[in-house]
Amino acid sequence: MADEIYQELRRFLDEFPFGYPETESGIEIEILKRLFTEDEAELALRLTVIPEDVDSISERTGLPSDELHKRLEEMAQKGLIFRISRHEKNQYNAIPFVVGLYEYSVKKMDSELARLCREYVDTVYMDEIGAANIPSLKVVPIGKKIGAGTELLPYHNIVENVRKAKRIAVAECICRKEKRLLGEGCTHPLESCLTFGITADYYIESGMGREISADEAIQIIEEADKSGLVHTGTNTRSMSIICNCCPCCCPFMIAITKSGYDRGRFYNSNFEAVVNAEECVACGTCVDRCPVNAIS
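Every chain is numbered on its own, with residues counted from 1 as its sequence reads. Local features are withheld for residues below a pLDDT of 70 in this predicted model, meaning they are given only at 70 or higher, and side-chain atom pairs are given and counted only at 80 or more; totals for whole chains, interfaces and linings count all residues. Hydrogens and water molecules were not included; the side-chain quantities draw on all heavy atoms of the structure.

Overview of the packing of aromatic side chains
Then, in step 1: Centre distance within 6.5 Å is the pairing criterion for rings of Phe, Tyr and Trp, where only the six-membered ring of Trp is used; planes under 30 degrees apart are then read as stacked, over 60 as edge-to-face, and the remainder as tilted. For the coordinates displayed, the defined rule picks out 12 aromatic pairs.
Then, in step 2: Measuring from ring centre to ring centre gives 5.9 Å for F12 and F16, while their planes differ by 80 degrees; the resulting arrangement is edge-to-face.
Then, in step 3: Taking 5.0 Å as the distance between ring centres and 65 degrees as the angle between the ring planes, the aromatic pair formed by Y104 and Y202 counts as edge-to-face. Remark: Y202 occurs in helix α10 (residues 197-205) and Y104 occurs in the loop between α6 (97-101) and α7 (111-130); sequence separation between them is 98 residues. Here Y104 and Y202 have matching classes, each one buried.
Then, in step 4: Among the aromatic residues, ring-to-ring pairing joins Y20, F97, Y102, Y120 and Y125 into one connected group. Strands here are runs of E lasting at least two residues and helices are runs of H or I lasting at least four, both read from the DSSP assignment and numbered beginning at the N terminus. Only protein chains enter the calculation, and the probe is 1.4 Å; a residue is then buried if its accessible area is under 20% of its type maximum, exposed if over 50%, and partly exposed in between.

The following block contains the structure:
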């Protein structure tokens, strides 16, 4: 019975745009068992992708409101479901593996969970993410790095968007944390993942991140830029996250640089770096900094 609950949850997660495919080894079930108790898995199956308040979920499922509210809050605190506040009421919805369960495991990630997630990504999940040929992330340039005469669309101006955000949180990079737990990785900044608005609310209230000001967020982005990291966000107009990715830990960048995947499967960018032969002094800085080793 226990395994069937987790198998059912796997099938449910597999219905998301980025699914949760099964493997011959069953490692995806081991991950779910590390994250969910049986009761939590059963309750997650009763949620939908549309946020609902407790009364609506109670009416739909027949579960008592008081008990349901407590259980949903506990699951939200654990990063197993998403919670937002609308009209002074908390609402809850189911979340996918990515972006969702994986990223929200940042505080509970240990060496064993890191090993399981890495094996799962390497075995099937990278193919799953790239299967649609629709990039899930967009590269977000810092305005000053774009040459004069290039007009930036409003949703590409990272600093402007940061200053407009109602609330901002910073959390540890789950990818770099996972790699370090496995004895690999790099020395790039660990606390570098930024979230905004309702996503920031969730990170702060669930203890996965800490609240920061717009100036602090911009400083983090500028330090990440100096470190040679790539600024990415979800491939949508509204900005909910900014990741600062490195080629040694980010699974998307590893897929491009080491596994031969086409960049267009993962990243959307309206900009492309070119060399001005008349001004280039062949200092080699671009060769050292290029995160995908495209320059020689």
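Back to the write-up after that little detour.
Some words on a negative patch on the surface
Then, in step 1: Patch membership needs two things, relative accessible area over 30% and no salt bridge, and members are linked within 9 Å if like-charged or within 5 Å if nonpolar (Val, Leu, Ile, Met, Phe, Trp, Tyr). Throughout, the Shrake-Rupley method with a 1.4 Å probe supplies accessible areas, and for residues the shown protein chains are the sole cover considered. Salt bridges, as used here, are contacts in which a Lys or Arg side-chain nitrogen is within 4 Å of a carboxyl oxygen on Asp or Glu. Lys and Arg are tallied as positive, Asp and Glu as negative. Neither His nor the chain termini are counted. Throughout, a charge is located at the NZ atom of Lys, the CZ atom of Arg, the CG atom of Asp or the CD atom of Glu. Residues E8, E38, D39 and E42 make up a contiguous surface patch of negative charge.
Then, in step 2: Broken down by element, the negative patch gets its largest block of residues, 3 residues, from helix α3 (residues 38-44).
Then, in step 3: Along the chain, D39 turns up in helix α3.

Some words on the nonpolar core
A general trend in soluble globular proteins is that nonpolar side chains are found buried together.
Then, in step 1: We call a set of buried residues a nonpolar core when its members are Ala, Val, Leu, Ile, Met, Phe, Trp, Tyr or Cys and they connect through side-chain atoms within 4.5 Å of each other. Ranked by size, the top nonpolar core spans 73 residues in total, and within it L9, I31, F36, L72 and F97 carry the most contacts.
Then, in step 2: The contact partners of L72, leaving out residues within four places of it in the chain, are L43, L47, V54, I57, I81 and Y92.
Then, in step 3: Counting 13 residues, the second-largest nonpolar core is a separate cluster that includes V162, V170, I220 and I242. Residue contacts follow a heavy-atom distance rule, with two residues in contact if any of their heavy atoms lie within 4.5 Å.

So, helix α12 (residues 251-258)
Then, in step 1: Within α12, 6 of the 8 residues are buried, leaving the element largely enclosed by the surrounding structure.
Then, in step 2: Note on α12: the residue one or two positions beyond its end, G260, has a positive phi of about 80 degrees.

Brief notes about the sheet that holds strand β2 (residues 82-86)
Then, in step 1: Two strands are counted as paired when DSSP detects at least two bridges linking them. With respect to topology, 3 strands assemble into an open sheet ordered β1-β3-β2, the strand pairing being antiparallel. Single-partner strands in this sheet number two, and they are β1 (52-53) and β2.
Then, in step 2: One ladder, built from 5 bridges, connects β2 with strand β3 (residues 89-93); its direction is antiparallel. For F82, the partnering residue across the bridge sits in β3 and is N93.
Then, in step 3: Its contacts with the sheet put helix α5 (residues 65-77) on β2 and β3, and the angle it makes with β3 is roughly 65 degrees. Under this scheme, a helix contributes an axis fitted over its contacting stretch, all axes are lines through C-alpha atoms, and angles between N-to-C directions fall in the 0 to 180 degree range.

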